[in-house]
Amino acid sequence: SFKPEQYSYYPDYPPFYEKLSQHFGIPQDRIVVGLGAEDLIRSLYMICCDPGDGVAVTWPSCAMYEVYTKILDLQFCPLWTEPGKNLAPIDWSRLPPSLRLVFIVNPGQPVETCLMPDEIRELAVQCRDRGVVLVIDEAYFSFGAPSALRLIYEFDNLVILRSFSKAFGLAGLRCGFAMTQPRLARALHAIRLSGEVPAYTMHIVSWFLGNYHPRVADGIEWIVRGRQLLMRRFGEVAFKDYGAYANHILVDLESPKLCVSIVDQLAAKGIRIRQSWATRPFDQHALITCGGPDLMAKFWNELTNIQCGGSGS
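This is a predicted model, so every value here is computed, not measured.

J.: Sorry if this is basic, but what is going on with the overall build of the protein here?
T.: Counting its secondary structure elements, the protein contains 9 helices and 10 strands. In terms of overall dimensions, the protein is globule-like: its C-alpha atoms have a radius of gyration of 20 Å, near the 20 Å expected for 313 residues. Dimensions of the protein, computed from C-alpha atoms along their principal axes, come out at roughly 60 × 55 × 35 Å. Every one of the 313 residues in the protein was classed for burial, and the buried ones make up 51%. Put simply, of all contacts in the protein between residues at least 6 apart along the chain, 66% involve residues at least 24 apart.

Now the structure itself:
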């Protein structure tokens, strides 16, 4: 449905902003589109921080959070998370006075911490009292986690980030957006490129917004069922696994050596799961991105063949 002549035109943003506004119920002056959530993360660093300022991030998380602090000469302040536990209250005394941004990935990845809206409201108050902008990265929203979106009407220091990469399954299109109060939205718009999101990306995303039911909603439900199946399988063999809010589960394989072996053997079969953390206890954990029940059943068969020397039991 994308007409050939449309490739000759520069992107037309207003209709896309209107579709986002209608779908999410947020006024257009509170929305800023970018090249995925990552583009907006970098932009927030640029508008909120000067060299030497501090940025706190739930950690481990997307590597680019730390990369951009190095590029922009900022202080990176990890808020460490632990498998099986929710995010601990922030100890403000351990953070620098120059702190300007706090990023909470909610739900988290690889550790699936998940703050409820009342907890985020309390944190927003603490940040506001310190002149800090609070950013809730909801890239993994839609698989069971609550959203803090409505809090942007209560706080002028709150930003919600969303992506079309996970629930919509459109990672290759590189499209995300921020929702906040108009003053911060104008600041983000001020440093945008003039045409960063291509016309075909907005066209395809618009199609998915218009076909959310059943196209996207059924896909989310399919992944949730696959996640639940895989968690039951790990529970049957007494491995600890964590996953209730996102499209992945974190599994404790109890041994760094076993974890690396399993990851490598699956990779040899063309199956990619993640184990890339050197610090304990993450070095014995693997992160598995989930698909539907049929795919997860096939994955489980491959996994048990590796663990049991090909017996399949």
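So that's the structure; there's more coming.
J.: Sorry, what's going on with the packing of helix 6 (residues 199-210) against helix 7 (residues 212-236) here?
T.: Helix packing for two helices is described by the angle between their axes and how far apart those axes are. Interhelical geometry of helix 6 versus helix 7 gives an angle of 95° and a closest axis separation of 6 Å. The angle between helix 6 and helix 7 places the two elements in the roughly perpendicular class. Between helix 6 and helix 7, the residues in contact are W207, F208, L209 and G210 and Y212, R215 and V216, respectively. Of the residues assigned to the contact of helix 6 with helix 7, the class counts are 5 nonpolar, 1 polar and 1 charged.

J.: Honestly, a nonpolar patch on the surface in this entry has me stumped. Any pointers?
T.: A contiguous nonpolar patch, built from Y7, Y200 and I204 and spanning about 320 Å² of accessible area, is present on the exposed surface. In this fold, Y7 is placed in the segment before helix 1 (13-24). Among the residues examined, Y7 registers a relative accessible area of 59% and is labelled exposed.

J.: Just to check I follow, could you spell out the pairing of strand 3 (residues 75-80) for this structure?
T.: Looking down a regular strand, the side chains alternate between one sheet face and the other. When strand 2 (residues 54-59) meets strand 3, the two strands line up parallel, connected through 6 bridges. Opposite G54, over in strand 3, you have Q75 as the bridge partner. Tracing the backbone out of strand 2, into helix 3 (residues 64-71) and back to the parallel element strand 3 gives a crossover that is right-handed.

J.: For this particular structure, what's the right way to read the sheet that holds strand 10 (residues 285-289)?
T.: Whenever strands of a sheet pair, they do so through backbone hydrogen bonds, lying parallel or antiparallel. Read from one edge of the open sheet, 3 strands run 8-9-10, paired in antiparallel fashion. Whereas interior strands pair on both sides, the edge strands pair on one side only; in this sheet they are strand 8 (241-242) and strand 10. As defined by bridge partners, strand 8 adjoins strand 9 (residues 248-252) across 2 bridges and the pair is classed as antiparallel. Paired with D241 across the two strands is V251, which belongs to strand 9.

J.: Please explain the side chain of D241 as it appears in this structure.
T.: Within the secondary structure layout, D241 lies in strand 8. The charged side chain of D241 is buried without a salt bridge, its nearest counter-charge being R227 at 8.7 Å. Residues contacting D241, with those up to four places away along its chain left out, are M231, F234, G235, L250 and V251.

J.: Would you take a moment to explain the environment of M116 for this structure?
T.: Along the chain, M116 falls in the loop between strand 4 (99-105) and helix 4 (117-129). For M116, a relative accessible area of 32% translates into the label partly exposed. Residues M116 and N106 lie 10 residues apart in sequence; the distance between their C-alpha atoms is 9.1 Å. Apart from residues no more than four positions distant in its own chain, M116 is found in contact with P146 and Y245.

J.: How do you make sense of the pattern of salt bridges when you look at a structure like this?
T.: Should their charged atoms come close, side chains of opposite charge can pair. On inspection of all chains with the given rule, the structure shows 10 salt bridges. Among the salt bridges present, the one from R42 reaches D39, with a minimum N-O distance of 2.9 Å. Highlighted residues: R42 and D39, both in helix 2 (residues 36-48), separated by 3 residues, approximately one helical turn. Take R42: its relative accessible area is 34%, and that puts it in the partly exposed class. Here E236 ties to R233 by a salt bridge, and the two come within 3.7 Å at their closest N and O atoms. Of this pair, E236 and R233 both sit in helix 7, 3 residues apart, which is roughly one turn of the helix. Overall, E236 belongs to the exposed group, its relative accessible area being 58%. The network of salt bridges with common partners includes D118, R121 and E154.

J.: Could you clarify how one ought to interpret the nonpolar core in this entry?
T.: Inside soluble globular proteins, nonpolar side chains tend to come together where they are buried. Core analysis: the largest hydrophobic core is formed by 97 residues, its most contacted members being Y45, V102, F103, L134 and F164. Counting residues per element, this core draws most heavily on helix 7, which supplies 9 residues. The contacts of L134, once residues within four sequence positions are left out, are V102, I104, I120, L123, A124, C127, N157, L158 and V159. If you look at the next biggest cluster of nonpolar residues, it comprises 5 residues, including V111, L250, W277 and L287.

J.: Even after reading the chapter, I still don't get the environment of V224, so can you show me in this structure?
T.: Following the sequence through the fold, V224 ends up in helix 7. V224 sits 80 residues away from G144 along the chain, and the two C-alpha atoms are 8.3 Å apart.

Each value, and the rule that gives it
Residues numbered from 1 in each chain as written. Predicted model: local features only at pLDDT ≥ 70, side-chain atom pairs only at ≥ 80, totals over all residues. Heavy atoms only, no water. Helix = DSSP H or I, 4+ residues; strand = E, 2+ residues; numbered from the N terminus. Rg over C-alpha atoms; globule rule 2.2 N^0.38 Å. Buried < 20%, exposed > 50% of the residue type's maximum accessible area, 1.4 Å probe, protein only. Contact = heavy atoms within 4.5 Å. Axes fitted to C-alpha atoms, helices over the stretch in contact; angles between N-to-C directions. Parallel < 35°, antiparallel > 145°, perpendicular 65-115°, else oblique. Nonpolar A, V, L, I, M, F, W, Y, C, P; charged D, E, K, R; others polar. Patch = residues over 30% accessible without salt bridge, like charges linked within 9 Å, V, L, I, M, F, W, Y side chains within 5 Å. Areas by Shrake-Rupley, 256 points an atom, 1.4 Å probe, with all protein chains shown as cover. Salt bridge = Lys/Arg side-chain N within 4 Å of Asp/Glu carboxyl O. Pairing = 2+ DSSP bridges. Right-handed = clockwise from strand over helix to strand, strands pointing away. Lys, Arg positive; Asp, Glu negative; His and termini not counted. Core = buried A, V, L, I, M, F, W, Y, C linked by side-chain atoms within 4.5 Å.

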